[in-house]
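Structural description and commentary
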Amino acid sequence: GMEWCVVPQRFCFVQARRPELPCQCLLVEFEDNVEYVDMEMGGLLEHFSLREDFGPMGLSQVFRFIETIEREMKRFPNSKIVYILNSDCRRRLANSLFLLGSYLIIQHQWTTQSLADALDSLPAADIEPFPDAGQADPDLLLTR
């Protein structure tokens with residue numbers, strides 16, 4: 001799976017298969033144990049499709065994602081927070097990277113170019129492009 005240290009020593013993203021965990025969660029690492037927050041509880045990261053689209057996530061999900069990360073980082077100022085995508089689904093990875101990119105642009109003032117540079121090493125085949133949500137069959141794929 002993929003691992004990306006988004007904010008050094010504080011916030012990382014990991015794509016892994018961990019059957020004991022929910023599909024998307026935040027892990028808080030302590031010296032002697034870990035806690036996790038289920039990111040799918042209460043529809044936190046639920047996308048409402050119009051047709052065949054699966055994302056990107058809406059603005060409300062982006063801000064809930066950012067608020068959740070910031071809240072956990074404030075609750076645990078001396079711990080590393082790990083956002084785990086417990087899936088190898090290309091669609092879920094695309095949405096996770098969209099949320100992470102939104103977080104970096106909004107919270108850490110990254111530019112779109114710095115984000116593109118950081119993600120450039122990812123194989124394009126690992127990420128499903130977002131289709132348009134128009135009435136006709138999707139003929140426009142939104143990619144990086």
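To start, this report covers the structure provided alongside it. (Residues numbered from 1 in each chain as written. Predicted model: local features only at pLDDT ≥ 70, side-chain atom pairs only at ≥ 80, totals over all residues. Heavy atoms only, no water.)

**Quick look at the pattern of salt bridges**
The criterion, for reference: By convention in these notes, a salt bridge is any Lys or Arg side-chain nitrogen within 4 Å of a carboxyl oxygen on Asp or Glu. Relative accessibility under 20% of the residue-type maximum defines a buried residue, over 50% an exposed one, and the middle range a partly exposed one, all with a 1.4 Å probe and only protein chains included. Put simply, DSSP marks the helices as runs of H or I at least four residues long and the strands as runs of E at least two long, and each gets a number from the N terminus on.
In this structure the tally under the stated criterion is 2 salt bridges. Arg-71 is the salt-bridge partner of Glu-72, the closest N and O atoms lying 3.3 Å from each other. Residue class for Glu-72 comes out buried when judged on its relative accessible area of 2%. A salt bridge links Arg-75 to Glu-72, with the nearest nitrogen and oxygen atoms 3.2 Å apart. Here Glu-72 and Arg-75 lie together in helix 1 (residues 59-75), a separation of 3 residues that amounts to about one turn. With a relative accessible area of 48%, Arg-75 lands in the partly exposed category. Through salt bridges with shared partners, a single network forms among Arg-71, Glu-72 and Arg-75.

**A few points about the packing of helix 2 (residues 90-108) against helix 3 (residues 112-119)**
Basically, it comes down to this: Geometry is summarised by axes, namely lines fitted to C-alpha atoms with helices restricted to the contacting stretch, and by angles between N-to-C directions that run from 0 to 180 degrees. Orientation is classified from the angle alone, with under 35 degrees giving roughly parallel, over 145 giving roughly antiparallel, 65 to 115 giving roughly perpendicular, and any other angle giving oblique. Handedness of a crossing follows from how the near helix is turned relative to the far one, being left-handed for an anticlockwise turn of less than a right angle and right-handed for a clockwise one. Whether two residues are in contact is decided by their heavy atoms, any of which lying within 4.5 Å being enough.
Running from N to C, helix 2 and helix 3 cross one another at 140 degrees; their axes reach a closest spacing of 10 Å. Between helix 2 and helix 3, the angle is such that the two are oblique. As helix 2 packs across helix 3, the resulting crossing turns out to be right-handed. Residues Leu-97, Gly-101, Leu-104 and Ile-105 of helix 2 lie in contact with helix 3, whose contacting residues are Thr-112, Leu-115 and Leu-119.

**Thoughts on the nonpolar core**
Test applied: The nonpolar core is taken to be a set of buried Ala, Val, Leu, Ile, Met, Phe, Trp, Tyr and Cys residues, with the residues joined through side-chain atoms within 4.5 Å.
In terms of nonpolar packing, the biggest core is built from 29 residues, with Trp-4, Val-6, Phe-11, Phe-13, Leu-97, Leu-100 and Tyr-103 touching the most fellow members. If you list the elements that add at least two residues to this core, you get strand 1 (3-7), strand 2 (11-15), strand 3 (24-29), helix 1, strand 5 (80-85), helix 2 and helix 3. The element that contributes the greatest number of residues to this core is helix 2, accounting for 7 residues. With residues near it in sequence (within four places) discarded, Trp-4 still touches Cys-12, Phe-13, Leu-97, Leu-100, Leu-104, Trp-110, Leu-115, Ala-118 and Leu-119.

**Let's talk about unusual backbone geometry**
Positive phi outside glycine occurs at Gln-9, with the angle close to 70 degrees. The residue Gln-9 is located in the loop between strand 1 and strand 2 in this model. Take Gln-9: its relative accessible area is 68%, and that puts it in the exposed class.

**What to know about the pairing of strand 2**
Rule in force here: Strands are treated as partners if at least two bridges between them are detected by DSSP.
Buried residues dominate strand 2, accounting for 5 of its 5 residues. Neither face of strand 2 is open: one carries Phe-11, Phe-13 and Gln-15, the other Cys-12 and Val-14, and all of them are buried. As judged from the 4 bridges shared by strand 1 and strand 2, these two strands associate in the antiparallel manner. Along strand 2, the bridge assignment pairs Val-7 with Phe-11. Connecting the antiparallel pair strand 1 and strand 2 is a turn made up of 3 residues, with Gln-9 showing a positive phi of about 70 degrees. Direction of pairing for strand 2 relative to strand 5: parallel, over a ladder of 5 bridges. Across the sheet, the residue bridging to Phe-13 is Tyr-83, located in strand 5.

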